[in-house]
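Inside the fold
What follows is the residue order along each chain.
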Amino acid sequence: MNCKTKEGVKTATMGNMAKLSASILSADYAALGSDVRRAEEAGADMIHIDVMDGSFVPPITIGAQAVKAIRSYSRLILDAHLMTVHPEKHIEDFADAGADYLTVHAETSAHLHRTLQRIREAGMKRGVALNPATPLYVIEHVLGEADLFLLMSVNPGYGGQEFIPAVIDKIAALRTMLGKRGLETDISVDGGITIANAAAIREAGATIIVAGTAFFGAEDMKKAASLLKGGEE
Ligand code: DX5
Ligand code: ZN
């Protein structure tokens, strides 16, 4: 099985394959432990944990305590996606809870460069997320300071929304920006991804596919995982 270590996610290579990060927003919150195990058995490489604060986005979900609980159920890479104001207030809590990646939104990080430094100092990999309407130039000067860029392909807050097609060009543009600097940083794409649109997302340069509905809602999760990653049925 891939990604059993905490070494980070290698940039996908051959044939536009990608890693699958299972978004537990679509899992059963009353049975998270067993759903995380089901995700792992079906072929997920990472577990994507959506942390919402009721301020940056309307809903409130879960926090570091839930990450700690999930940690004891799985050795998969845990990516905490913080949809919160002042994400810098929570860095140590998520490190202590066992998160491998901490992904913060550029829109809520007044001092993004410093926040990324602090995430690394806390022993986690650094992720930066951008809303669909946020231009790529806001990350131009921190391109070398992150381990992952997460491009939102829906407006954050809810699972099961429709993919915003304009994000395909944004993925390709970010891949070009990174390439010009000799960087092979992971690009993760989050929201509205289905088996039907996953190939275009991978071809544009995404190396991590975040999927909630299309994975946990699938009749055959194993098959869904393989197809979302670019493998065979
Ligand atoms: C939305 C979250 C996503 C969400 C994706 O704000 O960041 O991770 O769970 O769900 P689907 O795959 O259902 O669009
Ligand atoms: Zn997310």
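Residues numbered from 1 in each chain as written. Chains lettered and ligands numbered in written order. Predicted model: local features only at pLDDT ≥ 70, side-chain atom pairs only at ≥ 80, totals over all residues. Heavy atoms only, no water.

Some details on the coordination of the zinc ion (ligand 2)
What counts, and what does not: A 2.8 Å cut-off from the metal defines N, O and S donors, relaxed to 3.2 Å for Na, K and Ca; water is not in the atom list, so some sites may appear incomplete. Sites are called tetrahedral only when four donors show all angles between 85 and 135 degrees, square planar or octahedral only when four or six donors show opposite pairs over 155 degrees and all other angles between 65 and 115, and irregular in any remaining case. Helix and strand definitions here come from DSSP, where helices need a minimum of 4 consecutive H or I residues and strands a minimum of 2 consecutive E residues; each element is numbered from the N-terminal end. Classification of residues uses two cut-offs on accessible area relative to the type maximum, computed with a 1.4 Å probe and protein chains only: under 20% is buried, over 50% is exposed, and between them is partly exposed.
Surrounding the zinc ion (ligand 2) are the protein donor atoms His48 (NE2), Asp50 (OD), His81 (ND1) and Asp190 (OD), which sit 2.1 to 2.3 Å from the metal. The site at the zinc ion (ligand 2) holds 6 donor atoms, and with the angles between them running 71 to 171 degrees, its shape is octahedral. Read from N- to C-terminus, the donor residues coordinating the zinc ion (ligand 2) fall into the pattern H-x1-D-x30-H-x108-D. Of the two residues, Asp50 is situated in strand E2 (residues 46-52) and Asp190 in strand E7 (residues 186-190); the sequence distance between them amounts to 140 residues. For the pair Asp50 and Asp190, a shared accessibility class is recorded, and that class is buried.

Topic: the environment of Ser21
Position of Ser21 relative to the elements: it lies in strand E1 (residues 19-23). Separated by 48 residues in sequence, Ser21 and Ala69 have C-alpha atoms that sit 18 Å apart.

Thoughts on the site of ligand 1
Where we set the bar: We call a residue near a molecule or strand as soon as one heavy atom of that residue lies within 4 Å of the molecule or strand. Two N or O atoms count as a polar contact when they lie within 3.5 Å, although within protein this holds only if one can serve as hydrogen donor and the other as acceptor, and sequence-adjacent residues are included solely when both atoms are side-chain atoms. For accessible areas, the Shrake-Rupley method is used with a probe of radius 1.4 Å. Any residue's cover is judged against the shown protein chains and nothing else. Classification used: nonpolar for Ala, Val, Leu, Ile, Met, Phe, Trp, Tyr, Cys and Pro, charged for Asp, Glu, Lys and Arg, polar for all others including Gly.
In the region of ligand 1, 19 residues are neighbours, and Ser23, Gly157, Asp190, Gly192 and Thr213 sit closest. Between ligand 1 and the protein, one listed contact pairs an oxygen atom with a side-chain N or O atom of Ser23 at 2.7 Å. Taking Gly212, its main chain carries an N or O atom lying 2.8 Å from an oxygen atom of ligand 1. Burial of ligand 1 by the surrounding chains reaches 99%, relative to a free accessible area of 380 Å². Ranked by the residues each element gives to the shell around ligand 1, the list is headed by E2, at 3 residues. Across the shell around ligand 1, the residue classes tally to 7 nonpolar, 10 polar and 2 charged.

Description of the sheet that holds strand E8 (residues 208-211)
Sheets are built from strands that pair by backbone hydrogen bonding, the pairs being arranged parallel or antiparallel. Applied cut-off: When DSSP finds two or more bridges between two strands, those strands count as paired. Note on geometry: axes are C-alpha line fits, over the in-contact stretch for helices, and angles between N-to-C directions span 0 to 180 degrees. Residue contacts are counted whenever heavy atoms from the two residues lie within 4.5 Å of one another.
Pairing is parallel in the closed barrel, where 8 strands are placed in the order E1-E2-E3-E4-E5-E6-E7-E8. Looking at each pair of strands side by side, their axes are set apart by 25 degrees on average, direction ignored. Direction of pairing for E1 relative to E2: parallel, over a ladder of 3 bridges. Note on E2: the bridge partner recorded for Ser23 is His48. Helix H8 (residues 221-229) rests against E1 and E8 of the sheet, and its axis sits at about 130 degrees to E1.

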